[in-house]
Amino acid sequence: MKKDSVAKSKELTNDIKTILEKYELVNVNKHDFGVYQLSLNRPKVLNALNDELMRQLSDVITLLQNHDARCFVLTGSQKAFAAGGDISEMSGKSYAQVTEEQYVTSIWSKLEQRHIPIVAAVNGLALGGGCELAMLCDIIVAGYSATFGLPEAGLGIIPGAGGTQRLIRAVGKAKAMDVILSGKTLTAIEAERSGLISRVIDDDKVLAEALYIASNIAKRSKPVISMAKKVVDYAHESSLKNGMQYEQQNFYATFALEDQKEGMQAFLERRKPNWQDK
Ligand code: DAK
């Protein structure tokens, strides 16, 4: 594979640099051809996705999309792309709260509506919301040691950001049920074989590969890429909207269960949950 056209680092212009400095949970690096690398930056909690991180990610993408971005690469750290939605933020929420505030849904749907493609460069853990965030991207490249999973049921909730809907479309019912119901995780090789991700590569080459893919996309016509993305999304996701709404209602409903409180509290107290079945 020719790598002579890999996007090289570029200096951000001062005007955009000053604006981006306030987004401390998302690091931005500019590369050639209008490729932007966005790195999630909550390393102490394995990039757990709290409301603020998702808001910043969405704002940065909107900002750069309206500037000169032609393709994004979204990445985390070597240990974790993201270990899921932030459990400490979610644990105390009630059913009334999550439904009234439409808990983080509006931010996630803004991310879904972008027209510039995102290549996810995944190393380490992509769990729960982290796996859902990767699946919301257009192409996923992962290192051999990456792990994908939707462990939500073990916390007394269900996936709520498209996990139930996108996983089944990517890997089929049998594997999706195994992952969602039993908590099985997928290795990068399994994920590639089952169609969840497009390329597996040595861990230390993942980012370079994702940047290479992004630069190839960025060098093509922007409206053509945007149309191609829209049409592929349509084929893949035409019934997604209804499914997403159904998932969301049921996700919120789990917050009416005592088992949601118990499951999340158990994680925070580092013990096994004592399920009440109510
Ligand atoms: N939330 C908050 N903190 C987390 C976290 C998470 N998901 N994952 C890890 N951390 C924190 C740990 O609490 C720990 O913090 P300290 O104790 O040091 O303060 C730190 O990160 C390092 O984690 P560990 O010490 O546990 O590290 P280990 O290597 O031993 O274990 C692990 C790594 C990933 C196996 C373990 O941390 C783990 O099981 N984490 C939880 C994984 C999980 O269950 N994820 C699913 C969460 S639920 C929605 C959008 C999104 C979502 C829902 C709705 N809408 C749009 C509506 C998402 C939901 C979820 O993802």
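In this report, we go over the structure that sits alongside the text. (Residues numbered from 1 in each chain as written. Predicted model: local features only at pLDDT ≥ 70, side-chain atom pairs only at ≥ 80, totals over all residues. Heavy atoms only, no water.)

**Quick word on the packing of aromatic side chains**
Taken as a whole and assessed by the stated rule, the structure comprises 2 aromatic pairs. Measuring from ring centre to ring centre gives 5.8 Å for Phe-251 and Tyr-252, while their planes differ by 50 degrees; the resulting arrangement is tilted. According to the relative accessible area criterion, Tyr-252 is buried, its value standing at 3%. With 5.3 Å between their ring centres and 70 degrees between their planes, Phe-251 and Phe-255 make a pair best called edge-to-face. Both residues of the pair, Phe-251 and Phe-255, belong to the buried class. Counting every residue linked through ring pairs, the aromatic cluster contains Phe-251, Tyr-252 and Phe-255. (Phe/Tyr/Trp six-rings, centres within 6.5 Å; stacked < 30°, edge-to-face > 60°. Buried < 20%, exposed > 50% of the residue type's maximum accessible area, 1.4 Å probe, protein only.)

**Topic: the sheet that holds strand E5 (residues 80-82)**
On the basis of which strands lie adjacent, the open sheet formed by 4 strands has the order E5-E7-E9-E10 and mixed pairing. Only two strands of the sheet have a single partner each, and these edge strands are E5 and strand E10 (186-187). Note: strand E7 (residues 125-127) against strand E9 (residues 147-149), 3 bridges, orientation parallel. If you follow Leu-125 over to E9, its bridge partner there is Thr-147. Strands E5, E7 and E9 of the sheet are contacted by helix H6 (residues 129-136), whose axis makes an angle of about 95 degrees with E7. (Pairing = 2+ DSSP bridges. Helix = DSSP H or I, 4+ residues; strand = E, 2+ residues; numbered from the N terminus. Contact = heavy atoms within 4.5 Å. Axes fitted to C-alpha atoms, helices over the stretch in contact; angles between N-to-C directions.)

**Remarks on the packing of helix H7 (residues 163-171) against helix H12 (residues 240-254)**
Packing of H7 against H12 leaves a shortest axis separation of 8 Å and a crossing angle of 135 degrees. Put simply, H7 runs oblique to H12. Residue-level inspection shows Gly-163, Thr-164, Gln-165, Arg-166 and Arg-169 of H7 in contact with H12, the latter providing Leu-240, Gly-243, Met-244 and Glu-247. In terms of residue class, the contact of H7 with H12 is built from 2 nonpolar, 4 polar and 3 charged. (Parallel < 35°, antiparallel > 145°, perpendicular 65-115°, else oblique. Nonpolar A, V, L, I, M, F, W, Y, C, P; charged D, E, K, R; others polar.)

**So, the site of the ligand**
Neighbouring the ligand are 28 residues, the closest being Lys-79, Ala-83, Gly-85, Ile-87 and Gly-129. In the model, an oxygen atom of the ligand is placed 2.7 Å from a nitrogen or oxygen of the Gly-129 main chain. Protein chains bury 72% of the 1,100 Å² of accessible surface belonging to the ligand in isolation. Those elements that place two or more of their residues in the shell around the ligand are helix H3 (87-91), helix H5 (105-112) and E7. Looking at the shell around the ligand, its residues break down into 17 nonpolar, 6 polar and 5 charged. (Near = heavy atom within 4 Å. Polar contact = N/O pair within 3.5 Å; in protein donor to acceptor, adjacent residues only side chain to side chain. Areas by Shrake-Rupley, 256 points an atom, 1.4 Å probe, with all protein chains shown as cover.)

**What to know about the nonpolar core**
Core analysis: the biggest nonpolar cluster contains 64 residues, and Leu-38, Leu-57, Leu-64, Val-122, Leu-133 and Phe-148 have the highest contact counts within it. Counting residues per element, this core draws most heavily on helix H2 (residues 51-65), at 6 residues. Ignoring any residue separated from it by four or fewer positions in sequence, one finds Val-122 in contact with Phe-81, Ala-134, Ile-140, Val-141, Ala-142, Gly-143, Ala-146, Phe-148 and Val-206. (Core = buried A, V, L, I, M, F, W, Y, C linked by side-chain atoms within 4.5 Å.)

**A closer look at empty space enclosed by the protein**
Taken as a whole and assessed by the stated rule, the structure comprises 1 cavity of 30 Å³ or more. Considering only enclosed or pocket space, the largest cavity measures out at about 60 Å³ in volume. Lining the largest cavity are Arg-70, His-115, Ile-116, Pro-117, Ile-217, Ala-218, Arg-220, Ser-221, Lys-222, Ile-225 and Ser-226. Secondary structure elements with two or more residues in the lining of the largest cavity: helix H10 (206-218) and helix H11 (222-237). The greatest single-element share of the lining of the largest cavity, amounting to 3 residues, is contributed by H11. Each residue belonging to the lining of the largest cavity can be placed in one class, and the counts come to 5 nonpolar, 3 polar and 3 charged. (1 Å grid on protein atoms, 1.4 Å probe; cavity = no way out; pocket = protein on both sides within 12 Å on 5 of 7 lines; lining within 4 Å. Points joined across faces, edges and corners; volume = space filled by probe spheres on them.)

**Here's the deal with the environment of Pro-273**
For Pro-273, the position within the fold is in the segment after helix H13 (258-268). Assessed through its relative accessible area of 29%, Pro-273 is described here as partly exposed. With 189 residues separating them along the chain, Pro-273 and Gly-84 place their C-alpha atoms 18 Å apart. Sequence-distant contacts of Pro-273, that is, excluding residues within four places in its chain, are made with Gly-154, Glu-262, Gly-263 and Ala-266.

The values reported here are purely geometric and, on their own, carry no functional implication.
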